[in-house]
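Here is what each chain is made of, one letter per residue.
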Amino acid sequence: MEPQFQLFSKEFTKNPYPAYAKMRKDEPVHKMRFPDGQLGWLITRYEDAVEIMKDPRVIKDVSKLFGGNMDSGSVFMHNMLFSDPPDHKRLRGLVQKAFTPQMISGMRGRIQEITDELLDEAAKGTRMNLIDDFAFPLPIIVISEILGIPTEDRDKFRIWSNSLIEGSNGEHAAEMFQHVNEFIQYLSEWFEKVRKNPGEDLISQLILAEDEGDQLTERELYGVVTLLIIAGHETTVNLIGNSILALLEHPDQFDLLKEQPDRIHQAIEETLRFNGPVEFSTSRWANEDMEFRGQMIKRGELIIISLNSANHDPKVFENPDLFDISREKSPHLAFGKGIHLCLGAPLARLEGEIAITSLMQRFPEMKLAVGKDELEWRPGMIVRGVKEIPLYLK
Ligand code: HEM
């Protein structure tokens, strides 16, 4: 029998919200199958999402279930996102200091400078591709500077990280492994350089922690750095893209923000709730057979939390399908919850606020240069965003 919801179809990717509404009502803990045949459970209601992110029966470190002998993609899993206590605290603690709200607000001037340079370049023409020309370079330059890696290599990071994200559902596995190997090779050469000549950057500090003994293993060094590169830009690209799309599709909200630019914080929070950048990447594993909301989840089964579905739950948000930058309170889950709450949230929020404010000041008349139906949503289901956003600037 055909499954009721085609979770990997183009139609779903374009607009998953009607299907999520049905699931929340009829089958909130939904049994799903990935294209590679793997079974999983999709959590769609807000209160269940919150509960499962705190549930001690659920773990992140999959090697506890299946052993550490995974494919070469596993290098990306030796980090805090795929660890449980006590390793989680140790790994997060090594980089946490670089991402505190105080550290991040100290970067405001530099983020504005990079933004202005990119927009000066765009202003030379009458059109831009928002993703390629702005939404991608901004966060990748910022995270590269924090890590101390050459910003000129950003196109390579983009290819490798896109391949990991979009190829991770099995369709482009061979290409993905080739890119993974190139990524590892690049990092190993870079780590060698830093070992010989350390600086003030975050990679130098991590290498010091590795050299000093039992704080960080070599594979964790790779795992943490790749996570920061990937998480540090893949999501923020889509925060910028999804914000502009939502504003252009809701001209009343665009005008309101033009008139009252200090609503920018609310506008970013509303995009995070309305069409958040993270789709199926909030995953965990059942560490024991467990009953959850009447479903029997077996040890070793994958549990995915749809943050976007939770953020459209009418039990928590009034008129959830309405894009409304006047919402006073928005307890959205776009950055997750619990010990894995996004480490980069203050950075992502600051980048989003500077990016959208500057774009609207520079190009108040911007318009989509293609029809809404021509926009192509990124495949792979890990992140939620479109591939290209062609804009008329004037
Ligand atoms: C974790 C979302 C930007 C670094 C997470 C999680 C979410 C998330 C939902 C938790 C996943 C889970 O519980 O399974 C987002 C969104 C972003 C964003 C929506 C942009 C709008 C960033 C940036 C960075 C970053 C800019 C890096 C500088 C991380 C890290 C973790 C994480 C390191 C793992 C934290 C841990 O396990 O303790 N993010 N993220 N993120 N994010 Fe972000």
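Conventions used here
- Residues numbered from 1 in each chain as written.
- Predicted model: local features only at pLDDT ≥ 70, side-chain atom pairs only at ≥ 80, totals over all residues.
- Heavy atoms only, no water.
- Helix = DSSP H or I, 4+ residues; strand = E, 2+ residues; numbered from the N terminus.
- Rg over C-alpha atoms; globule rule 2.2 N^0.38 Å.
- Buried < 20%, exposed > 50% of the residue type's maximum accessible area, 1.4 Å probe, protein only.
- Contact = heavy atoms within 4.5 Å.
- Areas by Shrake-Rupley, 256 points an atom, 1.4 Å probe, with all protein chains shown as cover.
- Near = heavy atom within 4 Å.
- Polar contact = N/O pair within 3.5 Å; in protein donor to acceptor, adjacent residues only side chain to side chain.
- Pairing = 2+ DSSP bridges.
- Axes fitted to C-alpha atoms, helices over the stretch in contact; angles between N-to-C directions.
- Salt bridge = Lys/Arg side-chain N within 4 Å of Asp/Glu carboxyl O.
- 1 Å grid on protein atoms, 1.4 Å probe; cavity = no way out; pocket = protein on both sides within 12 Å on 5 of 7 lines; lining within 4 Å.
- Points joined across faces, edges and corners; volume = space filled by probe spheres on them.
- Nonpolar A, V, L, I, M, F, W, Y, C, P; charged D, E, K, R; others polar.
- Donors = N, O, S within 2.8 Å, 3.2 Å for Na, K, Ca; no water.
- Phe/Tyr/Trp six-rings, centres within 6.5 Å; stacked < 30°, edge-to-face > 60°.
- Lys NZ or Arg CZ within 6 Å of the ring centre and 35° of its normal.
- Expected span 1.5 Å × (residues − 1).
- Core = buried A, V, L, I, M, F, W, Y, C linked by side-chain atoms within 4.5 Å.

Enquirer: Explanation requested: the overall build of the chain in the structure shown.
Expert: Helix and strand counts for the chain come out as 17 helices and 10 strands. Scaling as 2.2 N^0.38, a compact globule of 394 residues should have a C-alpha radius of gyration of about 21 Å, and the chain matches this with 21 Å. Here the chain holds 394 residues, and the buried ones make up 55% of them. Within the chain, residue pairs in contact and separated by at least 24 positions form 70% of the contacts whose partners lie at least 6 positions apart. With the model as given, the accessible surface of the chain reaches about 18100 Å², and the carbon-plus-sulfur share is 51%.

Enquirer: Even after reading the chapter, I still don't get the site of the ligand, so can you show me in this structure?
Expert: Taken together, 29 residues lie near the ligand, and Lys-60, His-88, Arg-92, His-340 and Cys-342 sit nearest. A distance of 2.5 Å separates an oxygen atom of the ligand from a polar atom in the side chain of Lys-60. Contact distances for the ligand include 2.8 Å between an oxygen atom and a side-chain N or O atom of Arg-284. Breaking the shell around the ligand down by element, the ones donating at least two residues are helix H5 (87-96), helix H13 (218-249) and helix H17 (345-362).

Enquirer: I would appreciate a short explanation of the sheet that holds strand S3 (residues 58-59) in the present structure.
Expert: What links the strands of a sheet is backbone hydrogen bonding, and the strands pair in either a parallel or an antiparallel sense. Pairing is mixed across the open sheet formed by 5 strands, whose spatial order is S1-S2-S8-S5-S3. Of all the strands in the sheet, just strand S1 (29-33) and S3 have a single pairing partner and so form its edges. Strand direction decides the pairing type here: S1 and strand S2 (residues 39-43), joined by 5 bridges, are antiparallel. Paired with Arg-33 across the bridge in S2 is Leu-39. Lying on the sheet, helix H3 (residues 46-54) is in contact with S1, S2, S3, strand S5 (283-286) and strand S8 (302-305); it crosses S8 at an angle near 130 degrees.

Enquirer: What should I look at first to understand the pattern of salt bridges in this one?
Expert: A side chain with one charge can pair with a side chain of the opposite charge if their charged atoms come near. This structure, assessed with the given rule, holds 22 salt bridges. Arg-293 is the partner of Asp-48 in a salt bridge, and the nearest nitrogen-oxygen pair spans 2.6 Å. With Asp-48 in helix H3 and Arg-293 in the loop between strand S6 (290-292) and strand S7 (295-297), this residue pair connects regions lying 245 residues apart in the sequence. The shortest N-O distance in the salt bridge between Glu-269 and Arg-349 comes to 2.7 Å. Here Glu-269 is found in helix H15 (residues 264-274), whereas its partner Arg-349 is found in helix H17, with 80 residues between them in sequence. Judged by its relative accessible area of 10%, Glu-269 is buried.

Enquirer: Help me understand the pairing of S8 in this model?
Expert: Looking along a regular strand, one sees the side chains alternate between the two faces of the sheet. With burial as the criterion, each face of S8 is covered, one bearing Leu-302 and Ile-304 and the other bearing Ile-303 and Ile-305. Where S2 lies against S8, 4 bridges are found, and the strand directions are parallel. Looking at S8, one finds that Leu-42 is bridged to Ile-304. Pairing geometry for S5 and S8, over 3 bridges, is antiparallel. Bridge pairing in S8 places Arg-284 opposite Ile-303.

Enquirer: Can you help me understand empty space enclosed by the protein in this one?
Expert: Rolled over the atoms, a probe sized like a water molecule indicates the empty space that remains. Scanning the entire structure with this criterion turns up 1 cavity of 30 Å³ or more. Put simply, the largest cavity is a space of about 40 Å³. Lining the largest cavity are Phe-12, Thr-13, Pro-16, Glu-279, Arg-378, Met-381, Val-383, Arg-384 and Gly-385. Split by residue class, the lining of the largest cavity holds 4 nonpolar, 2 polar and 3 charged.

Enquirer: Even after reading the chapter, I still don't get the coordination of the iron atom of the ligand, so can you show me in this structure?
Expert: Ideal values differ by geometry: the angle at a metal is 109.5 degrees with four tetrahedral donors, but 90 or 180 degrees with six octahedral donors. There is one protein donor for the iron atom of the ligand, namely Cys-342 (SG), at 2.3 Å. In this fold, Cys-342 is placed in the loop between helix H16 (307-310) and H17.

Enquirer: Which parts of the structure should I look at to understand the packing of aromatic side chains?
Expert: Here a ring pair, both rings aromatic, is described through the centre-centre distance and the interplanar angle of the planes. Under the counting rule described, the total for this entry stands at 12 aromatic pairs. For the pair Tyr-17 and Tyr-20, a centre-to-centre distance of 6.1 Å together with 70 degrees between the ring planes defines the contact as edge-to-face. In this pair, Tyr-17 and Tyr-20 are both assigned in helix H2 (residues 17-26), 3 residues apart and thus about one turn of the helix distant. When the ring of Phe-157 is compared with that of Tyr-186, the centres are 5.4 Å apart and the planes differ by 90 degrees; the resulting orientation is edge-to-face. Of this pair, Phe-157 sits in helix H10 (residues 154-166) while Tyr-186 sits in helix H11 (residues 173-196), and the two are 29 residues apart along the sequence. No difference in accessibility class separates Phe-157 from Tyr-186, as the two residues are buried. Joined through ring pairs, the aromatic side chains of Phe-76, Phe-157, Trp-160, Phe-183 and Tyr-186 make up one cluster. The ring of Phe-136 is capped by Arg-158, whose NZ or CZ atom sits 4.4 Å from the centre of that ring. Over the ring of Trp-377 we find Arg-384, and its NZ or CZ is 4.1 Å from the ring centre.

Enquirer: How should I be thinking about the environment of Arg-127 in this particular structure?
Expert: Note on placement: Arg-127 falls in strand S4 (residues 127-129). Among the residues examined, Arg-127 registers a relative accessible area of 46% and is labelled partly exposed. Counting along the chain gives 264 residues from Arg-127 to Leu-391, while the straight-line C-alpha distance between them is 5.5 Å. Excluding residues that lie within four positions of it along the chain, Arg-127 makes contacts with Ala-369, Pro-390, Leu-391, Tyr-392 and Leu-393.

Enquirer: For this particular structure, what's the right way to read the side chain of Asn-238?
Expert: Along the chain, Asn-238 turns up in helix H13. Leave out the neighbours within four places in its chain, and Asn-238 touches Ser-243, Pro-277, Arg-378, Val-383, Arg-384, Gly-385 and Val-386.

Enquirer: How do you make sense of H13 when you look at a structure like this?
Expert: Between its first and last C-alpha, H13 extends 47 Å over 32 residues, near the 46 Å set by a 1.5 Å rise per residue. Across the 32 residues that make up H13, a large majority, 27, are buried.

Enquirer: Please explain the nonpolar core as it appears in this structure.
Expert: Among soluble globular proteins, nonpolar side chains are generally buried collectively. Grouped together as the largest cluster of nonpolar side chains are 94 residues, with contacts concentrated most on Phe-99 and Phe-134. When residues in this core are grouped by element, the largest group, 16 residues, is from H13. When residues no more than four places from it in sequence are discounted, the contact partners of Phe-134 are Thr-115, Leu-118, Leu-119, Met-128, Asn-129, Pro-139, Ile-240, Ala-355 and Leu-359.

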